[in-house]
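Listed below, chain by chain, are the residues.
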Amino acid sequence: VIAILMGLMTGIIVGLLNGFIVVKAGIPPLIVTLGMMYVARGAVSVITQGVPIYPLPAALKAIDKIRIVGIPMVIIVAVLLALIGYILLTQTPFGRNIYALGGNEEAARISGINIKKTRLIVYIITSFLASLSGIFITARLGSAEAAAGTGFEMTVICGAIIGGVSTFGGVGSVIGASIGAF
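Keep in mind it's a predicted model, so treat the numbers as computed, not measured. (Residues numbered from 1 in each chain as written. Predicted model: local features only at pLDDT ≥ 70, side-chain atom pairs only at ≥ 80, totals over all residues. Heavy atoms only, no water.)

**A few points about helix α2 (residues 29-48)**
At step 1: Taking 1.5 Å as the rise per residue, α2 with 20 residues should run 28 Å; its terminal C-alpha atoms sit 28 Å apart, in good agreement.
At step 2: Listing the buried residues of α2 in full gives Val32, Met36, Met37 and Thr48. For α2, the arc enclosing every buried residue in end-on projection is 135 degrees, short of the 170-degree limit, so these residues lie on one face. Exposed and oriented more than 90 degrees from the buried face of α2 are Leu30, Ile31, Tyr38, Val39 and Val46. (Helix = DSSP H or I, 4+ residues; strand = E, 2+ residues; numbered from the N terminus. Expected span 1.5 Å × (residues − 1). Buried < 20%, exposed > 50% of the residue type's maximum accessible area, 1.4 Å probe, protein only. Arc of directions from axis to C-beta.)

Here it is in structure tokens:
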């Protein structure tokens, strides 16, 4: 439990750092996120000395074995997160702020949206979700290693684009991204 919480907290910290660099330094988001990905992978390689960590505690590996009505827990969590994301984006002022920010940053700023705060929160949420997926991957593999998940970033980006999400922002939906990922 402590390791999972630390992993999720690390995701939040990385998202906060990424968001801070993008918002305060004005460095393009793609450069910041890809750069952080390489920094994190490098740090993990140094900390683990390139050696996979195993065996993992049985309780962590058991996460992958949990089934509810025969459906793997990871699928249930993904569906619940998609539902929460859908509601957040379509039914809340924060969700409308995200779409407005992605559609036209200057218009969003003029309309009174705190674009720095909104962007920072989006980075934190995204990084938290990435760390959650890392925990599920670790449970499935039964080991932790720096190379796990290599290449997934392009799979995720392509799934979102196939689902109608614009790389320029302001366009797309959770349902479309979920279909694209599927």
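**Description of the nonpolar core**
At step 1: Grouped together as the largest cluster of nonpolar side chains are eight residues: Leu8, Leu56, Leu60, Ile63, Leu132, Ile135, Phe136 and Ala139.
At step 2: Per-element accounting of this core gives the leading share, four residues, to helix α7 (residues 115-141).
At step 3: Leaving out residues up to four positions away in the same chain, Ile63 has contacts with Ile4, Met73, Phe136 and Ala139. (Core = buried A, V, L, I, M, F, W, Y, C linked by side-chain atoms within 4.5 Å. Contact = heavy atoms within 4.5 Å.)

**Observations regarding the packing of helix α1 (residues 2-25) against α2**
At step 1: Contact pair α1 / α2: the axes reach a minimum separation of 9 Å and the direction vectors enclose 145 degrees. Taken as a pair, α1 and α2 cross one another with a handedness that is right-handed. Contacts between α1 and α2 pair Val14, Leu17, Asn18, Ile21 and Val22 from the former with Pro29, Val32, Thr33 and Met36 from the latter. (Axes fitted to C-alpha atoms, helices over the stretch in contact; angles between N-to-C directions. Left-handed = near helix turned anticlockwise from the far one by under 90°.)

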